[in-house]
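For reference, the chains in residue letters:
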Amino acid sequence: MPQNNVKSFYENFYFESMITNPPKLIQDFLDGEIKFIREHIKPNKTVLEVGSGYGRLLSVLSEKAAKVVGIDFSKRMVKLAKERLADKKNVEICLMDANRLNFEENTFDYVVCLDNSFGNMPNIELDVLKEMVKVCKIGGEVIISVFSENASPVQIENYQRIGLTNITDDGTAIHTQEGFYSRRFTKQELTELFDKCRLECKIIKICTVNYVAYVIKN
């Protein structure tokens, strides 16, 4: 799917509806991710969230970080996030493409891509991961949270619930008439992506339809 179709979707869709009162397995993903962030990320660090959307997780990340930067390619999402987090003095939000991060190398203690945002980036996943690794400090950590290979039924249920149309599954990702794209990953696929960056990741589950892959940059 062309990236511009996906971008058009994010400029026009009310994304909060996708995670408001979702099916239980989606809620387990959302709740588990927040629990993971709060327990795993150390305080007083610098954090970059790639694909930060309207700022739901930026708010959580900002609770104990020294500084949080969120980037998104959607002007509408960036605007919403800035409005939502206007009172957070340690949060900065930028309009930026995930596969062309405009930061110096070795800038952030944590570089994260959460809530399956990594699965919403057709054909540029490896480029995005390389950029994430580049801007992460030596000794810092790259974290990706995605749908696992068995998530298709609950993905479809959720997208039907919010009115997306012509939903199809190509065996790896969901596509809709509106231009939405949502990929799933196997452990092997995540391992191979990190291998191409010469990094060996750890993979855990926070719920039955999710994988979290993370690695310390050396």
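That block above? That's the structure.
Residues numbered from 1 in each chain as written. Predicted model: local features only at pLDDT ≥ 70, side-chain atom pairs only at ≥ 80, totals over all residues. Heavy atoms only, no water.

K.L.:
So what's going on with the pairing of strand β5 (residues 136-148)? Which residues, and what values?
P.N.:
Of all 13 residues in β5, ten are buried; the element is thus mostly enclosed. By the bridge criterion, five bridges tie strand β4 (residues 108-113) to β5 in an arrangement that is parallel. Bridge pairing in β5 links V111 to V142. In this region the chain leaves β4, passes through helix α5 (residues 125-135) and returns to the parallel neighbour β5; the handedness of that crossover is right-handed. With seven bridges connecting them, β5 and strand β10 (residues 210-216) associate as antiparallel partners. Within the sheet, the bridge partner assigned to V146 lies in β10 and is Y211. One ladder, built from two bridges, connects β5 with strand β8 (residues 181-185); its direction is parallel. If you follow F147 over to β8, its bridge partner there is R184. (Buried < 20%, exposed > 50% of the residue type's maximum accessible area, 1.4 Å probe, protein only. Helix = DSSP H or I, 4+ residues; strand = E, 2+ residues; numbered from the N terminus. Pairing = 2+ DSSP bridges. Right-handed = clockwise from strand over helix to strand, strands pointing away.)

K.L.:
Let's hear about unusual backbone geometry: which residues, and what values?
P.N.:
One non-glycine residue, N21, lies in positive phi territory at about 55°. By secondary structure assignment, the location of N21 is in the loop between α1 (3-12) and α2 (24-40). Notably, N166 is not glycine yet its phi reads approximately 50°, a positive angle.

K.L.:
How would you explain the pairing of β10 if you had to name every residue and give the values?
P.N.:
Burial of β10 is extensive: six of the seven residues sit out of reach of the surface. Sheet analysis places strand β9 (residues 202-204) next to β10, joined by three bridges and oriented antiparallel. Considered in β10, the bridge of I203 is made with A213. Between β9 and β10, which pair antiparallel in sequence order, lie five residues.

K.L.:
Can you break down α5 residue by residue, with the values?
P.N.:
Residues E125, V128, L129, E131, M132, V133 and V135 constitute the buried set of α5. Looking at the packing, one finds that the buried side of α5 touches β1 (46-50), β4, β5, β8 and α7 (187-196). (Contact = heavy atoms within 4.5 Å.)

K.L.:
Mind laying out the packing of aromatic side chains, listing which residues take part and the relevant values?
P.N.:
Enumeration over the complete set of coordinates arrives at six aromatic pairs. With a centroid separation of 5.0 Å and an interplanar angle of 80°, the aromatic rings of Y159 and F180 are classed as edge-to-face. Note that Y159 is positioned in helix α6 (residues 152-161) and F180 in the loop between β7 (173-175) and β8, a separation of 21 residues in sequence. You can call F180 buried: its relative accessible area is 1%. Among the aromatic residues, those joined into a cluster by ring pairs are F9, Y159 and F180. (Phe/Tyr/Trp six-rings, centres within 6.5 Å; stacked < 30°, edge-to-face > 60°.)

K.L.:
Requested: an account of the nonpolar core, with residues and values cited.
P.N.:
In terms of nonpolar packing, the biggest core is built from 33 residues, with L48, V50, I71, F118, L129 and F194 touching the most fellow members. The set of elements that each furnish at least two residues to this core consists of β1, β2 (67-72), β4, α5, β5, α7 and β10. Ranked by residues supplied to this core, first place goes to α5 with five residues. If we skip the residues at most four places from it in the chain, L129 touches F118, V142, I144, L193, F194 and C197. (Core = buried A, V, L, I, M, F, W, Y, C linked by side-chain atoms within 4.5 Å.)

K.L.:
Account for the pattern of salt bridges, with residues named and values stated.
P.N.:
This model, assessed by the stated rule, comprises 13 salt bridges. Across the pair D169 and R184 runs a salt bridge, and its minimum N-O distance is 3.0 Å. You can see D169 sitting in strand β6 (residues 168-169) and its partner R184 sitting in strand β8, a full 15 residues away along the chain. The shortest N-O distance in the salt bridge between R183 and E189 comes to 3.9 Å. A relative accessible area of 14% means that R183 is categorised as buried. On the basis of relative accessibility, which here comes to 25%, the residue E189 falls in the partly exposed class. By sharing partners, the salt bridges in this structure join E33, R56 and D115 into a single network. (Salt bridge = Lys/Arg side-chain N within 4 Å of Asp/Glu carboxyl O.)

K.L.:
If you had to explain the environment of F147 to someone new, which residues and values would you point to?
P.N.:
Tracing the sequence through the fold places F147 in strand β5. In this structure, the C-alpha to C-alpha distance between F147 and F194, residues 47 residues apart in sequence, is 17 Å. In this structure, F147 is in contact with I26, F29, N116, Q155, Y159, S182, R183, R184, F185 and V209, ignoring residues within four places of it in sequence.

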